[in-house]
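So you can see what is in the structure, the chains are spelled out below.
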Amino acid sequence: MNFRLKNLALLMAFIFLYSCQKDEDTIIPVSDVNMSIELPKTLEDKEVTFKSGQLTLENVNTKKKTTQELTSTIVPKLSLEDGLYNVLLEGEVGYTASDASKKKVDKTSQVRGRIENVEVKGGKITVELPLFIYSKTAGFVISEIFFAGTRTADGNQYDSDTFFELYNNSDKTLYADGLCLAQTSLTTDDALNQFSPDTRLTETLISDLYRIPGDGTKYPVKPGQTILISNVAINHKTQNSNSFNLSKSNFEWYDAGTVDVDVPEVPNLEKLISANANYMWSLHNRGHKSYVLCRLDKSVTPDSFAKSNPFKYSHMFVMGDFKMQMDEDTWKIANTTIIDAVELSTPSGYQWKTLAPDLDLSWTHCGDGDGMRYGSSVRRKVDHKEGDRVVLLDTNDSAFDFHATAIPSPGVVEQE
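S.K.: For this particular structure, what's the right way to read a nonpolar patch on the surface?
M.R.: A cluster of nonpolar side chains, F317, M319, F322 and M324, forms an exposed patch at the surface whose accessible area comes to about 390 Å². Counting residues per element, the ones that place at least two in the nonpolar patch are β22 (310-319) and β23 (322-334). With respect to the helices and strands, the residue M324 is situated in strand β23.

Put into structure tokens, the structure is as follows:
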């Protein structure tokens, strides 16, 4: 081999060895990741079990995703290249709950857990991932109902300060235009004998229906924001020291042609129907009526709703040996139009459900219909927080989802 060829061979060998050394230097370390899945704490006394889910770990820089299908909270060992990862688990859990008759029923809920920018390095790490109740259809919920009113300093009943609070429980801006509030015709303290036809599983019978006005985009509600809807939107503390300042309400319900007070600065709900057209709408102050949040087609008018949704039912009035069939007229809405529902009653007065169990499995209350109810509300519990946004508990089970006989907080979602 001549001198030039020999030097060339040495040069090639050097380049090869350098290249191999460079490849070894750029090998990315790998670490073992142990995932510790925590079931939702809000369900911890309900015999909760993990049913299924998908775990995804995405490398923030490379966008490479590692997925794992799960049938339990035990996650097989994961080996990942060191780096920053976003971790997401979406799945389903089962648990036991009690219906309105205290019977145990099996329920399922969607759950989600998410952590961002988890640093994987060091050969072995443990990542704790708490799960929370989650709904892919999350939207507006009824967050508080103040139906009992207050008492004045001299003990008189004061009910002009009743209110509803709605809450955007999603992570997107929603529009309040067209949302409707309805009160049930039936009461939970009076199980009607031979009630017929019984369509509660598909329809809800209502006596009053009011709608938020708007063209569809007039009233945006950001994630985590409330809508306060009051009977009379004034500072009631000026008239009753035991009441609240409702002057910042977003809407009020006003019944023209009655002695109702209209606050011109606050938009009025549109009245679609009312069983007592010549009287102000008053919430049942013992809590024997229930309330639903629904959305109807924007073309619906008061006349068209009344003509399209009448409902006639019968029941047997019984008093001792006396019996008489009673026929009643009211209105109905399809359960498929209902976004959220809250069944109300009293512990000693409850007899039957006016709402289908899939709308609300149970019911909540403000005391037992006695004086303790004044100045109290039913207020939805906080499930968890996502950043600064509160996510409220929503399992369609009011006995579980709500604080009964709570301290009212109009327009403010508590941070507990």
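S.K.: Please explain the layout of surface pockets as it appears in this structure.
M.R.: Empty space among the atoms can be located by rolling a probe the size of a water molecule over them. Approximately 730 Å³ is the volume attributed to the largest pocket. Those elements giving two or more residues to the lining of the largest pocket turn out to be β6 (104-120), β9 (140-146), β24 (338-342), β26 (382-386) and β27 (389-392). When residues of the lining of the largest pocket are assigned to their parent elements, the largest contribution, five residues, is made by β6.

S.K.: Looking at this structure, I do not really get the sheet that holds strand β3 (residues 65-70). What am I missing?
M.R.: Within a sheet, adjacent strands bond to each other through the backbone by hydrogen bonds, running parallel or antiparallel. Across the sheet, five strands lie side by side as β3-β2-β5-β6-β8; this open sheet has antiparallel pairing. The open sheet has two edge strands, β3 and β8 (132-133), and neither has a second partner. Relative to β8, β6 runs antiparallel, the two being bridged by two bridges. Bridge pairing links R112 to F132 in β8.

S.K.: Where do I start with the sheet that holds strand β19 (residues 251-252) in this structure?
M.R.: Across the sheet, six strands lie side by side as β19-β18-β12-β9-β25-β28; this open sheet has mixed pairing. A single partner strand is all that each edge strand has here, and the edge strands are β19 and β28 (402-406).

Cut-offs used in this document
Within every chain, residues take consecutive numbers counted from 1 along the sequence as written. Given that this is a predicted model, residues contribute local features only at a pLDDT of at least 70 and side-chain atom pairs are listed and counted only at 80 or more, while totals for whole chains, interfaces and linings are drawn from all residues. To obtain the side-chain values, all non-hydrogen atoms of the structure were included, while hydrogens and water were left out. Only residues whose relative accessible area exceeds 30% and that form no salt bridge are eligible for patches; like-charged ones are grouped when within 9 Å, while nonpolar side chains (Val, Leu, Ile, Met, Phe, Trp, Tyr) are grouped when within 5 Å. A 1.4 Å probe and the Shrake-Rupley method give the accessible areas. Residues count as covered only by the protein chains that appear here. Salt-bridge detection follows one rule: a side-chain nitrogen of Lys or Arg within 4 Å of a carboxyl oxygen of Asp or Glu. For the purposes of this entry, the term helix denotes a DSSP run of H or I that reaches at least four residues, the term strand denotes a run of E that reaches at least two, and both are numbered from the N terminus. The method works on a 1 Å grid over the protein atoms by themselves. A cavity is a set of points holding a 1.4 Å probe that cannot get out, a pocket is an open set with protein on both sides within 12 Å along at least five of seven lines, and residues with an atom within 4 Å of a point line them. Grid points are joined across faces, edges and corners, and a volume is the space filled by probe spheres set on the points. Strands are labelled as partners when DSSP assigns at least two bridges between them.

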